[in-house]
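Letter by letter, the chains look like this.
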Amino acid sequence: TLGVNETIPLQQALEAITINAAWQLGLEEQIGSIEVGKTADFVRLSANPLKLPVSQLQTIEVRQTWLAGQPVDNRKLSRNNLQLLWKMLLRAVLGE
C-alpha cells in the first residue's frame, strides 16, 4: 500500500489516465476527454468516483463501455469488439 505522502488526489489520478495520457501519446486532439469532434471512448460506472470515499472506490463496477462512439460488450472480447478495436488502432497509428 502507498503511504499518505505517496498518493495524489483522485481528480489528478483520473486526469493521469485520460487527458494526460492522451497528451503523452500526442492524441489529445482525438481522445482523452469528452468533447465535440473527439472519439467517444468512455465507460459508464455504477457510481461517481468523485463522490465516494476512497475506501469504496474498489466497489465501483463498469456498467457499459463505449469505444469510438459505439457500445461494446465488456463481458467478453467479441468479434465485433475486436473489429472495432482494430479500426481504432489503425486510426491511431495511421492518423486517419
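Note that this is a predicted model, so its numbers are computed, not measured.

With respect to the overall build of the protein
Moving on, step 1. A count of helices and strands for the protein gives three helices and three strands.
Moving on, step 2. Reading the secondary structure of the protein in the N-to-C direction produces α-α-β-β-β-α.
Moving on, step 3. Sorting the 96 residues of the protein into buried and exposed places 14% on the buried side.
Moving on, step 4. Across the protein, contacts joining residues at least 24 apart in sequence account for 22% of those joining residues at least 6 apart.
Moving on, step 5. Entry remark: accessible area of the protein is about 7800 Å², with carbon and sulfur atoms responsible for 56%.

Some thoughts on the packing of aromatic side chains
Note on aromatic pairs: each is described by the distance of the centres and the angle between the planes.
Moving on, step 1. Taken as a whole and assessed by the stated rule, the structure comprises one aromatic pair.
Moving on, step 2. Measuring from ring centre to ring centre gives 5.5 Å for Phe42 and Trp66, while their planes differ by 10°; the resulting arrangement is stacked. Of this pair, Phe42 sits in strand 1 (residues 42–45) while Trp66 sits in strand 2 (residues 62–67); the two residues are 24 residues apart in sequence, bridging distant segments of the chain.

Focus: the environment of Val43
Moving on, step 1. Examined against the element boundaries, Val43 turns out to sit in strand 1.
Moving on, step 2. Judged by its relative accessible area of 43%, Val43 is partly exposed.
Moving on, step 3. In this structure, the C-alpha to C-alpha distance between Val43 and Gln64, residues 21 residues apart in sequence, is 5.6 Å.

Looking at the sheet that holds strand 1
Each strand in a sheet pairs with its neighbour through backbone hydrogen bonds, running either in the same direction (parallel) or in the opposite one (antiparallel).
Moving on, step 1. In spatial order, the strands read 1-2-3; together these three strands make up an open sheet with antiparallel pairing. Only two strands of the sheet have a single neighbouring strand rather than two, namely strand 1 and strand 3 (70–72). Pairwise comparison of adjacent strand axes, ignoring direction, gives a mean angle of 30° for this sheet.
Moving on, step 2. Where strand 1 meets strand 2, four bridges bridge the pair, whose relative direction is antiparallel.

What counts as what
- For every chain, the first residue of the written sequence is number 1, and numbering continues from 1 along that sequence.
- Per-residue local features are limited, in this predicted model, to residues with pLDDT of at least 70; the limit for side-chain atom pairs, both in listing and counting, is 80 or more; totals at the level of whole chains, interfaces and linings are taken over all residues.
- Hydrogens and waters are ignored; side-chain quantities use all the structure's heavy atoms.
- Numbering of helices and strands runs from the N terminus, with a helix taken as a DSSP run of H or I at least four residues long and a strand as a DSSP run of E at least two residues long.
- Each residue's exposure class comes from its accessible area (1.4 Å probe, protein chains only) as a fraction of the maximum for that residue type: buried when under 20%, exposed when over 50%, partly exposed otherwise.
- Note on contacts: a residue pair is in contact if any heavy atoms of the two residues lie within 4.5 Å.
- For every accessible area listed, the method is Shrake-Rupley and the probe measures 1.4 Å; residues are considered covered only by the protein chains on display.
- Only Phe, Tyr and Trp rings are paired, with Trp represented by its six-membered ring, and only when their centres lie within 6.5 Å; those with planes under 30 degrees apart are stacked, over 60 edge-to-face, the remainder tilted.
- If DSSP finds at least two bridges between two strands, the strands pair.
- Note on method: axes are straight lines fitted to C-alpha atoms, helices fitted across the in-contact stretch only, with angles between N-to-C directions ranging 0 to 180 degrees.

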